[in-house]
Amino acid sequence: MGTDFNTDSLPLPRKPYHEWALFHEESPKNNYKLFHPPIITLFNHTATFSRHSHLPLTSQYLEDLQTLTSLEYFVSVQKKNVLRRKLAPVVYVQSDCDPPSDRDTYIQELMKYVPVDSYGECLHNRDLPPQVNNSSFMDDTQFYRILAQYKFILAFENAVCEDYITEKLWRPLKLGCVPIYYGATNIEDWLPSNKSVIIVDKFSHPRELAHYIKQLDRNDSLYLEYLGWKVQGHISNNQLIHAIKDRMWGVQDVTQDNYIDSFECMVCRRVWDNIRLQRKGLQIKQWKADSKHLSCPAPKPFSFLPERSSKNSMRELWKPSFEQSKKEAKALRLLVDRNRNFTSQEFWNLVFKH
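(A) Structural detail: the overall build of the protein. Along its length, the protein carries 13 helices and seven strands. Since a compact globule built from 354 residues should have a radius of gyration of about 20 Å, the 23 Å found for the protein is in line with a globular shape. The C-alpha extent of the protein, read off along each of the three principal axes, is 70 × 50 × 35 Å. Sequence separation of 24 or more characterises 70% of the internal contacts of the protein that already satisfy a separation of 6 or more.

Structure, rendered in structure tokens:
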């Protein structure tokens, strides 16, 4: 598992017949070392959120296509307009504050121009009912019904990487709200239709995004254009359709293996296939990850703010953490290439002095 990966995880010495497999479905903030070429290319088999990995987990938070088109929690725009008397047009629920994506900086600026109800610990300004005011209720029916009353949900990932997509996108789509999305730079490859999500990157400043939100809030016809695919039950993105139908595992589906079991079976099958080929004197298949199997650019502040104005968490934590992880990745690669452990002094010199 990638989150727990560290120097002690490497089973050295590595023999020529040893196969290394990496399962890491989470954000780079949990272990930046893995996202650099010297480390990811150590592995023979991968399961990551990248579509380029051997077992892509990009859609791990989406149960099925029927869940997307379901109207179970759908609230009509007429009712949402009535609810707007006591609710903001936009809702934000997040308790993981100041992550590498710097989302709180953007949302704090957005709040200056359009009302946002923020229920989580980050930028908190409104309380959830006591019975659902707990992280364990994030998938609770009552919590869903609260969110479904809103027109827009802020869906900001904690990191900005291609194909890194979490429940932050799928939840509002399932509920019949319009996501305001920031995260995966190739998100349009995964949307149910061409007009289902408001993409933050298409606006030069939060002020411009706020103006557009207000425009949709006032105009039912424009707003409903983002929900047409939902009301009609029609997903037009063939790539998304095939990705869900063709994947080798299921989400909350007892009739299918989960992705961990599927990955273990895939690795086992590959190893045994090579053993059979070897016994027949035939050429074995060489499996190896490349840098596309897990990659993510360095975290950076939003372009609407000058570099010197970025929050301390970005300037003092995430950017230095990313740079430090590059040194650690190079040191770990050297450790594997020489196939024996470092002394403490050698590791210190490689990571902290160069």
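(B) Fine view of the pattern of salt bridges. This model, assessed by the stated rule, comprises 16 salt bridges. The salt bridge partner of K112 is E109, with a shortest N-O separation of 2.9 Å. Note on E109: relative accessible area 12%, which makes it buried.

(C) Spotlight on the packing of aromatic side chains. Taken as a whole, this structure holds 18 aromatic pairs when the rule is applied. Measuring from centroid to centroid gives 5.0 Å for F49 and Y164, while their planes differ by 55°, and the two rings are tilted. Of this pair, F49 sits in the loop between β2 (45-48) and α2 (65-69) while Y164 sits in the loop between β5 (152-156) and α6 (167-175), and the two are 115 residues apart along the sequence. One exposure class covers both F49 and Y164, and it is buried. Between Y182 and F302, the aromatic rings sit 4.7 Å apart at their centres with planes inclined by 45°, giving tilted as the arrangement. Here F302 lies in the loop between α11 (259-279) and α12 (312-338) and Y182 lies in strand β6 (residues 178-182), a separation of 120 residues in the sequence. Of the two residues examined, Y182 and F302, each falls in the buried class. Within the aromatic cluster, the residues linked to one another by ring pairs are Y106, F156, Y182, F302 and F304.

(D) View of the packing of helix α5 (residues 141-148) against α6. Where α5 meets α6, the axes come as close as 9 Å, and the angle between the chain directions of the two elements is 75°. Between α5 and α6, the interaxial angle falls into the category roughly perpendicular. Contact residues: F143, Y144, L147 and A148 in α5; R171, K174 and L175 in α6. Grouping the constituent residues of the contact of α5 with α6 by class yields five nonpolar, no polar and two charged.

(E) A look at the sheet that holds strand β3 (residues 90-92). If you walk across this open sheet you meet the five strands as β4-β3-β5-β6-β7, and the pairing is parallel. Of all strands in the sheet, those with a lone pairing partner are β4 (116-118) and β7 (198-199), marking the two edges. The pairing of β6 with β7 spans two bridges and is classified as parallel. Among the inter-strand pairings, Y181 is bridged to a residue of β7, identified as I199.

(F) Highlighting the pairing of β6. The buried fraction of β6 amounts to five of the five residues, a majority that puts the element mostly inside the structure. Because side chains alternate across β6, one face comprises the buried residues V178, I180 and Y182, and the other comprises P179 and Y181, equally buried. Two strands pair when backbone bridges link them, and β5 and β6 are joined in this way by five bridges, in the parallel orientation. The residue of β6 that forms the bridge with I153 is P179. Read as a crossover between parallel neighbours, the route from β5 over α6 to β6 is right-handed.

(G) Structural view of the environment of P299. Locating P299 in the fold gives a position in the loop between α11 and α12. Residues P299 and D273, 26 residues apart in the sequence, show an inter-C-alpha distance of 41 Å.

(H) Looking closely at the environment of L334. Among the structural elements, L334 can be located in helix α12. Along the chain, L334 and D261 lie 73 residues apart, while their C-alpha atoms are 32 Å from each other.

(I) Highlighting the environment of T141. Among the secondary structure elements, T141 is positioned in helix α5. Residues T141 and Q94 lie 47 residues apart in sequence; the distance between their C-alpha atoms is 18 Å.

(J) Just the state of the cysteines, in detail. Overall, the coordinates contain two disulfides when judged by the stated rule. With its sulfur 2.1 Å from that of its partner, C97 forms a disulfide with C122. The S-S bond linking C97 to C122 shows a torsion near -105°; that makes this disulfide left-handed. With a gap of 25 residues between them, C97 in the loop between β3 and α4 (103-110) and C122 in the loop between β4 and α5 connect regions that are remote in the sequence. In this structure C97 comes out as partly exposed when scored by relative accessible area, which is 33%. For C161, the disulfide goes to C296, at an S-S distance of 1.9 Å. Disulfide C161-C296: torsion about the S-S bond near -75°, hence left-handed.

So, how was this worked out
Residues numbered from 1 in each chain as written. Predicted model: local features only at pLDDT ≥ 70, side-chain atom pairs only at ≥ 80, totals over all residues. Heavy atoms only, no water. Helix = DSSP H or I, 4+ residues; strand = E, 2+ residues; numbered from the N terminus. Rg over C-alpha atoms; globule rule 2.2 N^0.38 Å. Contact = heavy atoms within 4.5 Å. Salt bridge = Lys/Arg side-chain N within 4 Å of Asp/Glu carboxyl O. Buried < 20%, exposed > 50% of the residue type's maximum accessible area, 1.4 Å probe, protein only. Phe/Tyr/Trp six-rings, centres within 6.5 Å; stacked < 30°, edge-to-face > 60°. Axes fitted to C-alpha atoms, helices over the stretch in contact; angles between N-to-C directions. Parallel < 35°, antiparallel > 145°, perpendicular 65-115°, else oblique. Nonpolar A, V, L, I, M, F, W, Y, C, P; charged D, E, K, R; others polar. Pairing = 2+ DSSP bridges. Right-handed = clockwise from strand over helix to strand, strands pointing away. Disulfide = S-S within 2.5 Å.

Note that every value here comes from positions in space, so none of it alone points to a role or purpose.
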